[in-house]
Amino acid sequence: ESIKFLNQNWRKDVPVLSDIIYTPEKYRSAIELYLEHYLNYYVAHTEEDAVKAIRLLFNNSKGKANFFILDKFRDSKPLDRNIPGCIPALSIMELTDMYKPLVHDLLKDVYILENDNHLEDVIHFPDDVSVISVSGSILKANKIITGGSVGLFEGKKLGRKKNLEKLEAEIKELESQAILNEKELAELKNK
């Protein structure tokens, strides 16, 4: 209720976390599993922005919302480790520069296990890193392990806006190609 209300009655330029992160489709379920508790957090520039939104929710009795404050994040250095069978989660991210410090902070010690046939291997990874299977079926992080079957809708939340932008660009390119093909066909018919 609060997200729907804020999306209609508050600033349109403040996205939720799920809209600023884009990864190749192969990795979306894994990243969603790791970030699932934060995907609906707004990414506000300042504390003042967040407080204005909270005041709006409070005055209209429209629930609660969570906010990351961009001004509070600075580039943090990820662990520079080589973990066998894994890739750093940050290596597969497509991000706008403005959001990099936030996402770097969230994913700095997160690795993706590339082969789901070796799920049992997660117990052998160091405790100071988080490891997610590529399918999003298991996560080992900070003294916990979670996982199970992957649902039909998992991997569909991340990067919706970026995905639409990419699809629009692809459509424009295909339309241009179709026009060129039509011209070429007309020239061939004339010949």
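Sequence order as written defines the numbering, with residues in each chain counted from 1. Totals for whole chains, interfaces and linings use all residues, but because this is a predicted model, local features are given only for residues with pLDDT of at least 70 and pairs of side-chain atoms are given and counted only at 80 or more. Calculated side-chain values reflect all of the structure's heavy atoms, with hydrogen atoms and water omitted.

Draft legend 1. The arrangement of the packing of aromatic side chains in detail. Two aromatic rings from Phe, Tyr or Trp, using only the six-membered ring of Trp, form a pair when their centres are within 6.5 Å; if the ring planes differ by under 30 degrees the pair is stacked, by over 60 it is edge-to-face, and anything between is tilted. The final tally for this structure, using the stated rule, is 7 aromatic pairs. Ring geometry for W10 and F67: centres 5.9 Å apart, planes at 85°, overall edge-to-face. Of this pair, W10 sits in the loop between α1 (2–9) and α2 (17–20) while F67 is found in strand β2 (residues 67–69), placing the two residues 57 residues apart along the sequence. The class of F67 is buried, set by a relative accessible area of 14%. Aromatic pair Y41 and F68: ring centres 4.9 Å apart, planes at 35°, arrangement tilted. One end of the pair, Y41, is in the loop between α3 (25–35) and β1 (42–44); the other, F68, is in strand β2, with 27 residues separating them in the sequence. F68 matches Y41 in its accessibility class, with the two residues each being buried. Through a chain of ring-to-ring contacts, three or more aromatic side chains come together here, namely Y38, Y41, F68 and F73. Only DSSP runs of H or I with at least four residues qualify as helices, and only runs of E with at least two residues qualify as strands; both kinds are numbered from the N terminus onward. Buried means the residue's accessible area, taken with a 1.4 Å probe over protein chains only, is under 20% of the maximum for its type, while exposed means over 50%, and partly exposed covers the values in between.

Draft legend 2. The arrangement of a nonpolar patch on the surface in detail. Candidates for patches are residues over 30% relative accessible area with no salt bridge; among them, like charges are joined within 9 Å and nonpolar side chains (Val, Leu, Ile, Met, Phe, Trp, Tyr) within 5 Å. To measure how exposed things are, a 1.4 Å probe is used in the Shrake-Rupley method; for residues, cover is taken only from the protein chains shown. Salt bridges, as used here, are contacts in which a Lys or Arg side-chain nitrogen is within 4 Å of a carboxyl oxygen on Asp or Glu. Taken together, L164, L167 and I171 make up a surface patch of nonpolar side chains, about 270 Å² in accessible area. Along the chain, the position of L164 falls in helix α6 (residues 160–190).

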